[in-house]
Amino acid sequence: MNAANPETATTPGTSGAASAGVATTASLLSPEYRSQAWDRLGSEEFDVVVIGGGIVGVGSALDAATRGLKVALVEARDFASGTSSRSSKMFHGGLRYLEQLEFGLVREALHERELSLSTLAPHLVKPLPFLAPLTKRVVERPYMAAGMFLYDTMGGAKSVPPQKHLTRAGALRLAPGLKRGALVGGIRYFDTVVDDARHTMTVARTAAHYGAVVRTSTQVVDFLREADRVSGVVVRDSETGATTEIRSTVVINATGVWTDELQALSHQKGRFRVRASKGVHILVPRDRIVSDVALILRTEKSVLFVIPWGIHWIIGTTDTDWNLDLAHPAATATDIDYILDHVNKVLITELTREDITGVYAGLRPLLAGESDETSKLSREHAVAAIAPGLVTIAGGKYTTYRVMGSDAVDAAEAYLPHKIPASCTEKVPLLGADGYYALTNQTTSIAREHDVHPHRVTHLLNRYGSLIGDVLALAEGDRSLLEPLAGAPQYLRVEALYAAKAEGALHLEDVLARRTRISIEYPDRGLEASAEVADLIAPVLGWSAADIARELENYGARVAAEIESQGMPDDETADALRAAAPEARGEILEPVPVPGVEHRASRH
C-alpha cells in the first residue's frame, strides 16, 4: 500500500499479512469500511475467523492480527452488545476470589489491570479508590490486611497506592454517607473503573487498525467443512439478509453465553458447557450517596459494589441463574429490591426506586461445574479444540481478556500450516493510548483552540484519548456539533456523529446504549435525546425519513419494555415483556436448539 494515501497508509515495520495493511483511524469502521469488509469476507481466504464481538472475541482478533495472521471477525449484533457492555465497569483482580483460594486467577487479573492502567489503555482505564468497611473488631482487620497485602503485591501493581488502614472516624471522613453503626473501621485500597462497551469497541478498532476485517450485524448461520475439518463459516448480513461464505484455516468460537449454540451449530460435541448467571446493576445520581470513594460491601452470597460513574453511582450486582433470552436479559423488581435492601443497610439516607435513573442486566458466561450455585462456578476460562479447525474459548473475566485471546490463538496454531510468533499484545497500546498523557497536559490549549470548556476536553480525552483530534475535526465548519445534546448534556453532538462515522454504530440503540451510555444515565433512558441523535447520524448511515421513524419507534419500544419488565416479580414475566420489543437489527435467526438445555431461547 502507498503511504501517501491516508485511507490505506501503513506503518513502517508492520506485518503485511492482511492485504489492507495497517489502516488509519479515519477509515476504521466507517460505512465505507463496512461495505468493503463484506466484499473481502466473501472473496478472500483467512487464517482465522473469530466469531463474537464481545471482549474475548475482539481480544482474540487483535492477538491474531498482531501476530501477522490474516483475520476476520464477525458479530451478529453490535460490539459488546451482550455481556461486555453490562459488567460492573471495573478492571479488577477479584478481591473476593482470594477467599476462594484462586490465587492464579487473581495474580493474572492484577497483572492485566496494571498493563491496562499503565500501557494499553490509560485513557479508558482509571484508578479508583475503594473503601472496604470492617464490621467486626479484632479478628477481621488482620484477616483483611493479609488479603489486601496479597492484592497489592501479586500482580506487580505500580500505578496505584497500597492499602491504607482507617479507624471508624477515618473511614467516615471518606464516606460520610455510611451509618456510623455499619462499620468499626475500614481499609482503603485501589482498583479501576472502565467504560466496558467503549473499551471493547476500541479493542475492535485496534484489531482493524492492524489489518483484521471486522464486521458487525454479521451472523454465523452455518459452518463450512472439508471432510472432517471445519474450513470456514456461512454468514448472514442481519441488515440486508444477504449471505456469503468465509473461508479460513481456523475458526475461533468466542461467543460467551452463546457458546453452546455455536457448538451445536457445528454439530460437534463441546468439551465444556457454559451457564448464564444474571447480574443486575442500578444507577442513582451522585448526590444520593455522600462518599469520596467507591464501596465494596459484603452480602450473604457475595459482594456489592458502589462505584462512582460520572454524575452517578453504579450499584450491583446480583448473581442468579438465568434460563431465558440470552440476547436481552431482563431485570426484575426482585433484583432491584435485593440491591436496594442491601445497600440501604449501610446508608444514612436510604435509596428508593424514585432515585434510580438506570438499570441494566447482563449475563456472565460461567463454566458449568458440579455446583448448582452460579456464585461458585468457575471464573477461570477454558480453551478446547472441539473439531479440527474449530477452537472454542469460554469463561474468564473481562479483566483477563488479553490472556484469553492469546490462549485462543495459541490453540488455533495447531491447525495453521506454519509456526506463528508469540503474542505481543501486552506491548500494543489500544488506539488513543499513544500520546494521551501529553494531551492531558495540553487540555487548556486544546480547549482554547476549539473554544470549548476544559472540562469538555477532559471528557473527550477520557473517551477517545489521542484520537480527540479526529473527533474535533468533524466540527470544523459546524460549530453546533460542539454543543451538548439537548436531552443528554454530558455528551457533545459531535460524539454521536463520530459514533456513526468511525465507530461502527449502525442503529440508534448502538449510539445511545454503547457508544455513549445515555440509555442508563438519564431517567428517560435517552428518549429525549433520541430524535436529535437520529437526525445527526441519519445522513451518515443513509437513512430516509421512514428509517428515522422506525429507529425511534424501535428504541422507544425497547425503553418501554425494559421499564415495564423491571416492575415484574419474576424472570419469566419480565423476560416475556422484554423479549416482545423489536430487535434493532431486524431479523436475527433463531439459535440452534441445544439438546437437553431448555433455556436457550432468543425470541425476536
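Residues numbered from 1 in each chain as written. Predicted model: local features only at pLDDT ≥ 70, side-chain atom pairs only at ≥ 80, totals over all residues. Heavy atoms only, no water.

*Asks:* Describe the pattern of salt bridges, listing the residues and the values that go with them.
*Replies:* Any two side chains of opposite charge can pair if their charged atoms end up close together. What the rule picks out here adds up to 36 salt bridges. Here Arg77 ties to Glu583 by a salt bridge, and the two come within 3.5 Å at their closest N and O atoms. One end of the pair, Arg77, is in the loop between strand S2 (71–74) and helix H3 (103–120); the other, Glu583, is in the segment after helix H19 (571–579), with 506 residues separating them in the sequence. Just as Arg77 is buried, Glu583 falls in that class too. Arg585 is the salt-bridge partner of Asp510, the closest N and O atoms lying 2.8 Å from each other. (Salt bridge = Lys/Arg side-chain N within 4 Å of Asp/Glu carboxyl O. Helix = DSSP H or I, 4+ residues; strand = E, 2+ residues; numbered from the N terminus. Buried < 20%, exposed > 50% of the residue type's maximum accessible area, 1.4 Å probe, protein only.)

*Asks:* Describe the UniProt feature "domain: Alpha-glycerophosphate oxidase C-terminal" (unreviewed entry) in the protein chain, with residues and values.
*Replies:* As recorded in UniProt, the sites labelled "domain: Alpha-glycerophosphate oxidase C-terminal" (unreviewed entry) are residues 423–546. What you have in residues 423–546 is 56% helix and 6% strand, and the ends, taken at the C-alpha atoms, are 47 Å apart. (UniProt positions renumbered as here; feature names shortened; annotations may be inferred.)

*Asks:* Tell me about helix H17 (residues 527–541), and name the residues and values.
*Replies:* Along its 15 residues, H17 runs 20 Å from first to last C-alpha, staying within 8% of the 21 Å computed at 1.5 Å per residue. Roughly 30 degrees is the biggest bend found in H17, and it falls at Asp535, with proline Pro539 one to four residues downstream. Of all the positions in H17, only Ala529, Ser530, Glu532, Val533, Ala534, Leu536, Ile537, Ala538 and Leu541 are classed as buried. Positive backbone phi, approximately 70 degrees, marks Gly542, located one or two places after H17. (Expected span 1.5 Å × (residues − 1). Bend = angle between axes of the 7 residues up to and from the residue.)

*Asks:* Give a detailed account of the packing of aromatic side chains, specifying residues and quantitative values.
*Replies:* One pair of aromatic rings is described through two measures. These are the centre distance and the angle between the planes. Evaluated as defined, the whole model comprises 6 aromatic pairs. Look at Phe91 and Tyr401: their rings are 6.4 Å apart centre to centre, the planes differ by 85 degrees, and that puts the pair in the edge-to-face class. Of this pair, Phe91 sits in the loop between S2 and H3 while Tyr401 sits in helix H9 (residues 401–412), and the two are 310 residues apart along the sequence. Each member of the pair, Phe91 as well as Tyr401, carries the same accessibility label: buried. Aromatic side chains Tyr464 and Tyr498 sit 5.5 Å apart centroid to centroid with 90 degrees between the ring planes, which places their arrangement in the edge-to-face category. Here Tyr464, found in helix H12 (residues 454–464), pairs with Tyr498, found in helix H14 (residues 493–502); they are 34 residues apart in sequence, far enough to count as distant. Under the relative-accessibility criterion, Tyr464 is labelled buried at 3%. Relative accessible area serves as the criterion here: at 3%, Tyr498 is assigned to the buried category. (Phe/Tyr/Trp six-rings, centres within 6.5 Å; stacked < 30°, edge-to-face > 60°.)

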